Each structure stands twice: as structure tokens, then as C-alpha cells.
Amino acid sequence: MFLKPRETDLDIKSLANRKNMTLLPVKDALERILDVFKTLPAIHIPLDKSVGRILAEDINAKTDLPIFDNSSMDGFALLASDVTQAGSATLVTLEVVDDIPAGKMPTKHLRSGEAARIMTGAPLPPGADAVVPVEETDFNDRAPGTALPEKVKIYKAAKLGANIRKRGDDIREGASILPRGQRLRAQDLGMLAMLGVAQVPVIRKPRVALLSSGDELTPIGESLSAGKIYDVNSYTLRALLESAGCEIIPLGVASDTPESVRLALEKAKGADLILSSAGVSMGSFDFIKAIIEEEGNLNFWRINMRPGKPLTFGEYQNIPFIGLAGNPVSAFVGFIVFVLPVIEKMLGSTDPTQNHVRVRLAEPLQSDGRESYLRAHTYRKNGHLYAKLTGHQGSGNLFSMVQANALLIIPAGVKSLPAETEIKAWLLDS
Ligand code: AMP
Ligand code: MG
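Please read these numbers as outputs of a predicted model, since none were measured by experiment.

## Quick notes on the sheet that holds strand 4 (residues 75–78)
Taken together, five strands build an open sheet; the order of strands is 7-4-6-5-8 and the sheet is mixed. A single partner strand is all that each edge strand has here, and the edge strands are strand 7 (130–133) and strand 8 (151–154). Taken over all neighbouring pairs, the strand axes of this sheet differ in orientation by 40 degrees on average, direction set aside. Alignment of strand 4 against strand 7, held across four bridges, turns out to be antiparallel. Bridging from a neighbouring strand, A77 pairs with V131 of strand 7.

## Some details on the pairing of strand 24 (residues 384–389)
Pairing of strand 21 (residues 356–361) with strand 24, which is carried by two bridges, proceeds in the parallel orientation. Bridge assignment links L361 to a residue of strand 24, and that residue is A387. One ladder, built from six bridges, connects strand 23 (residues 371–381) with strand 24; its direction is antiparallel. Residue Y379 lies in a different strand from strand 24, and its bridge partner there is Y386.

## Regarding the nonpolar core
Grouped together as the largest cluster of nonpolar side chains are 46 residues, with contacts concentrated most on L275, I322, F335 and F338. At the level of secondary structure, the elements contributing two or more residues to this core comprise helix 2 (26–34), strand 12 (207–213), helix 4 (233–243), strand 16 (273–277), strand 19 (310–316), strand 20 (319–324), helix 7 (328–346) and strand 25 (406–410). The greatest single-element share of this core, amounting to 12 residues, is contributed by helix 7. Every residue in contact with I322, bar those within four places of it in the chain, is listed here: I33, L273, I274, L275, S276, L311, T312, F313, V339 and V342. Among the nonpolar cores identified, the runner-up in size contains 19 residues, and I288, I292, L298 and I319 belong to it.

## Digging into the layout of surface pockets
Its boundaries defined by the atoms lining it, the second largest pocket holds a volume of some 600 Å³. Counting only elements with at least two residues in the lining of the second largest pocket, the list comes to strand 12, strand 14 (229–230), strand 17 (296–302), strand 18 (305–306) and helix 7. Taken together, the residues that form the lining of the second largest pocket break down as 14 nonpolar, 13 polar and eight charged.

Analysis parameters
Residues numbered from 1 in each chain as written. Chains lettered and ligands numbered in written order. Predicted model: local features only at pLDDT ≥ 70, side-chain atom pairs only at ≥ 80, totals over all residues. Heavy atoms only, no water. Pairing = 2+ DSSP bridges. Helix = DSSP H or I, 4+ residues; strand = E, 2+ residues; numbered from the N terminus. Axes fitted to C-alpha atoms, helices over the stretch in contact; angles between N-to-C directions. Core = buried A, V, L, I, M, F, W, Y, C linked by side-chain atoms within 4.5 Å. Buried < 20%, exposed > 50% of the residue type's maximum accessible area, 1.4 Å probe, protein only. Contact = heavy atoms within 4.5 Å. 1 Å grid on protein atoms, 1.4 Å probe; cavity = no way out; pocket = protein on both sides within 12 Å on 5 of 7 lines; lining within 4 Å. Points joined across faces, edges and corners; volume = space filled by probe spheres on them. Nonpolar A, V, L, I, M, F, W, Y, C, P; charged D, E, K, R; others polar.

Pasting the structure below:
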């Protein structure tokens, strides 16, 4: 229970505290943002374009797999009962009546005393109930074009069903194969091919319009004039968006004039989200907020987090808008914390925290009481995942992010933690 201090009691310190109380918790900000987004609709795309995409429907087998009984070896299809006596001392001779390469249907129904040469994957002839591999016969010549022998001698008995892949052995028609929400991997594509799925239902890619802003920003490739820096966020944010499965509408770099910002935002039509960085603090050249407010609505929040305290959220002409802080690390962390969950929601994920792990601190750690995202390197030691900070944690110091493979999440209110404390972390490279 907080007691409201009398105005006269306020000294500089408590003013600062009161200001802190207006900082919005990360969780609340994220909830408010996520509320605006829905899962995007499904579209059908060719299987060969579907790797990395999110499956929009459960996939069930429309057929048994294998589709037909077939041989798992190059050999001879026969009746197991014909060769029960076969052994190195007793060879059983059978008449070869058919030749069945993969992709060809058998022409004969096998009877006792008969065999058919059969290749791996070829359909088993009716009547046969076992396959003896060529290695266990006197016909081990598999050179291409080898003519069919009239007779074959079998060296070894075969169990009923030996070397036969039965229809439906792997998968029964109707079985569930891949769940909705699965990010499709190479083996999933193979499975869908096996089932003959040519057009795959996937969630449409989120379309994100990406804007950088600031007079100081110079595109790479140009030489820097005095006072300028290279535009970093366009590259990090684009890469993050692409790895998360988005399509990008590049809005370029707006300079710090209302006209330039307006012109850039006009290109955002059709986007599911406008993502900008910088130009949203209290600077005298920060026009983005005013334009969003005019063309839609805007919330400016100060988030109880470090780095990335200022965050804007709203909409521009009915398109949701997220404005990240400008410093390269702030923009990066802001993306991980607020934008990635949004993208995952648009892609149908119900668990935006799936990259969270528990790590142990290798060293004691100081924090400032805000929810902090600290750059760290994690490594395995004695069966535990340990974490060590990667150096200077300033919001412009991207090098410590380059050296990091995780962000440690220090909860709000925590000022220091001893070594060996277990805390939550966000793995960056998974
Ligand atoms: P601002 O919010 O516009 O005041 O930007 C905050 C800080 O981030 C300034 O030092 C900017 O120069 C820097 N910054 C903003 N955008 C970028 C960018 N795209 N690449 C590199 N640094 C940036
Ligand atoms: Mg700026």
C-alpha cells in the first residue's frame, strides 16, 4: 500500500521515484501490444517454397505409407515355405518367372517353386511372402543390364515377411503427421512430398514496413561526412525480421523533417506493422510522434526496462505502429522483447517465450532496478548453463551484443545478484 506523499515532502529524490512509478512494466506493455494483433490468414504455397514457413493446418495422412507392399532389398521375392530347408549345405533351386524393377508392377502371381527378381522399392508380387537378398543366392551379379537368370539357388531360409515393407507399416491413413504451427523443416517437406502434398497451407508472411530515422544516418557504401554515422538499425532490424519469417517493405531512412517522415510512411500501405527506430524521444527533431498522432493514434510509453525505455505504440492509418528507441542495442532488445512476440502471434504461436532458458550467473551482477536485458555469453559447465556478461552494456555498444549469445533478464526491483543465482535468459542464436 503506497501512501501518497504530501507535495511539500517532495525532495528531488522522491520526485525521481514518482517518475519511476510511471514507468510501464514490460509485461503490461507487451500485453497491450499483443492485444492488437491476430494470427494472419492461411495461404497455399508450393511445397518447394515452404521451408521455414509456419504450417496453418494440421496435416493428416491421406494414404497409408508405404502405399504398397514392397521390397527393402535387391533380391528374389518367393514363398518363405519353399526355402525353410535352405542353408549352405542345402541349396533350394527356384524358377525365376518375373523381373520387377522399382516403378513397375509385377506380371505374375507367384506359386510354390517360383521366384521373381525384385529391386529395392519395387512392388511385391502377389503370392510372395518374403524376399531373399541377392547376397544369399547364387545370382549376385547386379551389374546394370544383367539378364534375368532362368533359375536361382537360395542359400538361406527366409522368415515370413523378411525384407518386405508392408503397406501402412510406417503410417496409417488418417494418422496425424504434422501439427498446425510447426515451422517446416527439410524433413517435414520430405514427409509432405511422400504424402503428395503439392500445395502447403501456411500462414501468410507478416508484412513489416521498416523505417529508420535521423539526419545523421548515412547508408553504408557512402563515405561519412563530419558528424554522420552509418545506419545500423536498418540492417539489424531487417535481419531480425527476415529470420523471424517476415516480408519487408523498406521505407528507407527519413531525415528529421516532417515532410520526409510523411513521405516515408506513405509507402507503408498494405503492411501488417510499421516498425521504426529512433526519432521518438523528446528531441526537438523528433517528428514521428506528431505525424502518427495526426494520422492515427499514439501511445508513448516509458517502459520499466533497460535498454530501450522509450517505446511508442499506436497506429498510422489503421496500421499498427511500433517505434523503438534509436540506439542500436535498444532497438535490438526492443525488437526481441516487443516485436518478436508480435510476429510470433501473427504467425499463430501461442507461446512467445519459447526461447527462454534458465542460466546460472558465473559472477555477481549489479542492476539498477529496472527490468534489464543484459548481454551475456552462455556456456556449459558441470552440466549447467552459465552466463557471463560480455562487457560494456551501454545502449550504443553493439560489440557486447556481437559477443553475446543470450540476453539475461534481470527482473524489475533487483539491484544485485550473487554468483550462482539462477535467472531467466533469452537465447539469441536458436
Ligand atoms: P534518437 O531517438 O533519434 O534521438 O536516437 C537515439 C540515438 O540512436 C542517437 O545517438 C542516434 O544517432 C542513434 N541512432 C538512431 N537511429 C540509428 C540507426 N538507424 N543506426 C545507428 N544509430 C542510430
Ligand atoms: Mg534522431
